[in-house]
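# Chains, contacts and geometry: an overview
Below are the chains, spelled out letter by letter.
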Amino acid sequence: MLEIGSIIDGKYKILNVIGQGGMSVVYLALNERANKTWAIKEVRKDGKQDFEVVKQGLVVETDMLKKLHHPNLPSIVDVIDGDGSFLIVMDYIEGSPLSDYVKNGPLAQEDVIEWSKQLCDVLGYLHSRKPPIIYRDMKPSNIMLKPDGNLTLIDFGTAREFKEKNLADTVCLGTIGYAAPEQFGRMGQTDARTDIYCLGATLYHLVTGQDPSAPPYEIGPIRQINPALSDGLERIIRKCTRRNPEDRYQSCAELMYALKHYDEIDEVYQKKQKKKLVVFLVSLFLTAACAGICLWGYFGSEQKKSENYDEILKGALDYQDYYQAILIDPTRKEAYEKLNDTLTSDLILTKEEG
């Protein structure tokens, strides 16, 4: 192990140990020249017969990460290849893995959905590389939650570049429970849909608190565990974790759309929408019916008015009758003409008598 306080490569001062696994130790280090902290992952030979194989895998991992630039991925800044160890200098990610949080029980559904969008976005970024990069090991322990609420996806040890002509992966890698069926037993080549399965298994763990990597290694309907969870989210997780890749979401873009509209997939939401549609159609029918009644009444009234108008003109005897007809329907000209003729006749008679 590296000594606390020692200087590595003339610029990285080892501050303390922040993580340790079976094959590696992670240190917090300070670049005193730049006054910036970094994480240094050390893998030592220490008699390991397969050290060169492990080292070669780390070289592949670091070379892959050096090409990537995404806010939810760590950056590799340096690689130091020593005689008995291999050091990787990378971003220091402040925070804790989601596995630490889910130990205490299920996490809030709304938080999980927001995190799932970040994870879906970073997987979509990896899949869009040329050639595509398949992550293959999505699980809570590989997802760091930072104080600002954003996530960082770590550990690319099992990631691979997709090769179209490969009929099957050469090795079986992944974590049982989270890994898709095609990651084991040479059941085909892993692709973007493999990562979608792993993400679905991870979401299942986070919202239910049930670890799919523990017996009986099952991913069932989440609402059987907690009926308060969204039916829409349950449908998404079920589709992500179908055994046949053809039955899953076929891309992260398709999955992202579903995550953004999970509430619209929800059965309760759909019932509400159907109810709203029924109310709208009933309202539309009643409005049309009222309009029809009003039109019927209007035309009936107009017909009656016309009949009264004609009846008054037919029996008109003096000016008052014509005035009454005009009041009934000022738009018709017959009463005006009759009134004018009567006034003209009376005027002529008056002149003749005078």
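An account of the accompanying structure is given in this report. The structure displayed is predicted, hence computed values, not measured ones.

Cut-offs and rules
Residues numbered from 1 in each chain as written. Predicted model: local features only at pLDDT ≥ 70, side-chain atom pairs only at ≥ 80, totals over all residues. Heavy atoms only, no water. Pairing = 2+ DSSP bridges. Helix = DSSP H or I, 4+ residues; strand = E, 2+ residues; numbered from the N terminus. Contact = heavy atoms within 4.5 Å. Axes fitted to C-alpha atoms, helices over the stretch in contact; angles between N-to-C directions. Phe/Tyr/Trp six-rings, centres within 6.5 Å; stacked < 30°, edge-to-face > 60°. Lys NZ or Arg CZ within 6 Å of the ring centre and 35° of its normal. Buried < 20%, exposed > 50% of the residue type's maximum accessible area, 1.4 Å probe, protein only. Parallel < 35°, antiparallel > 145°, perpendicular 65-115°, else oblique. Left-handed = near helix turned anticlockwise from the far one by under 90°.

The next subject is the sheet that holds strand β2 (residues 12–20). Across the sheet, six strands lie side by side as β1-β2-β3-β4-β6-β5; this open sheet has antiparallel pairing. In this open sheet, the two strands that pair with only one neighbour each are β1 (7–8) and β5 (76–81).

Let us look at the sheet that holds strand β10 (residues 151–153). If you walk across this open sheet you meet the three strands as β7-β9-β10, and the pairing is antiparallel. Edge strands, defined here as strands with exactly one partner in the open sheet, are β7 (96–97) and β10. Contacts between helix α3 (residues 109–127) and the sheet are confined to β9 (143–145) and β10, with β10 contributing the most and set at about 35° to the helix.

What follows concerns the packing of aromatic side chains. Going through the model one piece at a time under the given rule, you end up with zero aromatic pairs. Positioned above the aromatic ring of Trp38 is the side chain of Lys36, whose terminal nitrogen or guanidinium carbon lies 4.8 Å from the ring centre.

Let us now look at helix α6 (residues 231–240). By the criterion of burial, α6 is predominantly enclosed, with seven of the 10 residues buried. Listed in full, the buried residues belonging to α6 are Asp231, Gly232, Leu233, Glu234, Ile236, Ile237 and Cys240.

Turning our eyes to something else, we now look at the packing of α3 against helix α7 (residues 252–260). Running from amino to carboxyl end, α3 crosses α7 at an angle of 165°, the nearest separation of the two axes being 9 Å. In this view, α3 runs roughly antiparallel relative to α7, as classed from their interaxial angle. Taken as a pair, α3 and α7 cross one another with a handedness that is left-handed. Contacts between α3 and α7 involve Ile113, Ser116, Lys117, Cys120, Asp121, Leu123, Gly124 and His127 on the former and, on the latter, Cys252, Leu255, Met256, Leu259 and Lys260.

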